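Each chain, letter by letter, is given below.
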Amino acid sequence: MTITRRRRTAALLALLVLLVAGAALILRCGILGSDRIPRDAIVVPRDAATFDAALRRVTPGGTIVLDTGDETVAGGVVIDIPGITIRSLGSPAHIVADRSAQAITVRADDVTLRDLAIYGGSVGVSLSSARSRMLGVSVREAAVAVRLAGAREALLDRIDAEGGRIALELSSASGCQVRRIVIRDVAEAAVRIAGSWNCALRELTIANAPVGVLVEDASREITVADCRIDGSGVSA
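What you see is a predicted model; the values in this text were computed from it and never measured. (Residues numbered from 1 in each chain as written. Predicted model: local features only at pLDDT ≥ 70, side-chain atom pairs only at ≥ 80, totals over all residues. Heavy atoms only, no water.)

### Considerations on the overall build of the protein
- In terms of regular secondary structure, the protein is built from two helices and 22 strands.
- Of the contacts made within the protein by residues no fewer than 6 positions apart, 27% connect residues no fewer than 24 positions apart.
- Accessible area for the protein stands at about 12000 Å²; split by element, carbon and sulfur atoms hold 51% of it. (Helix = DSSP H or I, 4+ residues; strand = E, 2+ residues; numbered from the N terminus. Contact = heavy atoms within 4.5 Å. Areas by Shrake-Rupley, 256 points an atom, 1.4 Å probe, with all protein chains shown as cover.)

Below you can see the structure in the form of structure tokens.
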């Protein structure tokens, strides 16, 4: 009887270990929930050695997953394939750019950047497309963290920007929505809006900026609401 019980206990423990390992694998592969990773996603470095190589392979509507751990990813890339998603697996991938380069330039429509950490560059992310999205992206020490230059109906949510001259710059942008953005320690202005219209900024938290939100050059229908601005303000 004792031997039988021991065998049953051992079998149950083995089954429990298998279930835990299987659950961990499922979560890592993104099979569960709305956060799942498509089966045909290009995973760097599993399927493509570099970010740039993955961009050469991806097709419209595809997904690139950066599973690079603590390794840095070279910036200076241009995205001209519509409908693609670029995201991290696990902790945010670290994308690093030279001071003279734009870390990520998005020219194609309907592009999603998700859970990325960007360092350096003349511009962290430049969007000049329609309906593109930035979700959970941080930018550190870029001269301009995010630039919406002619962007249309862009969505920025959960953005964290620190250092540089300007955190968010809207130029000739229209219909853009910005929410839940944290900005710290910029040299000139947290947000600069020029020649843009029908854009809304909500739930901004700004600290240590000479100017919080600067609205200029015939911008119209600009909404700034539910913001916390410490040591600076709104200028028009």
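Picking up where we left off.
### Concerning the side chain of Ser174
- Following the sequence through the fold, Ser174 ends up in the loop between strand E15 (166–171) and strand E16 (177–184).
- The class for Ser174 is buried, based on a relative accessible area of 13%.
- Leaving out residues up to four positions away in the same chain, Ser174 has contacts with Ala151, Arg152, Glu153, Trp197, Asn198 and Cys199. (Buried < 20%, exposed > 50% of the residue type's maximum accessible area, 1.4 Å probe, protein only.)

### Here's the deal with the pattern of salt bridges
- On inspection of all chains with the given rule, the structure shows 16 salt bridges.
- Ionic pairing is found between Asp115 and Arg114, a salt bridge with its closest N-O pair at 3.7 Å.
- For Asp115, a relative accessible area of 21% translates into the label partly exposed.
- Here Glu169 makes a salt bridge to Arg192, at a shortest N to O gap of 3.2 Å. (Salt bridge = Lys/Arg side-chain N within 4 Å of Asp/Glu carboxyl O.)

### Overview of the nonpolar core
- Counting 60 residues, the largest nonpolar core has Ile86, Ile104, Leu113, Leu148, Leu156 and Leu168 as its most contacted members.
- Core analysis: the second largest hydrophobic core is formed by five residues, Ile37, Val43, Val65 and Leu89 among them. (Core = buried A, V, L, I, M, F, W, Y, C linked by side-chain atoms within 4.5 Å.)

### Considering the pairing of strand E2 (residues 63–66)
- Here E2 shows a buried face lined by Thr63 and Val65 and a second buried face lined by Ile64 and Leu66.
- In this fold, strand E1 (residues 42–44) hands off to helix H2 (residues 51–57), which returns the chain to E2; that crossover is right-handed.
- The pairing of E2 with strand E5 (residues 85–88) spans four bridges and is parallel. Of the residues in E5, the one forming a bridge with Thr63 is Thr85. (Right-handed = clockwise from strand over helix to strand, strands pointing away. Pairing = 2+ DSSP bridges.)

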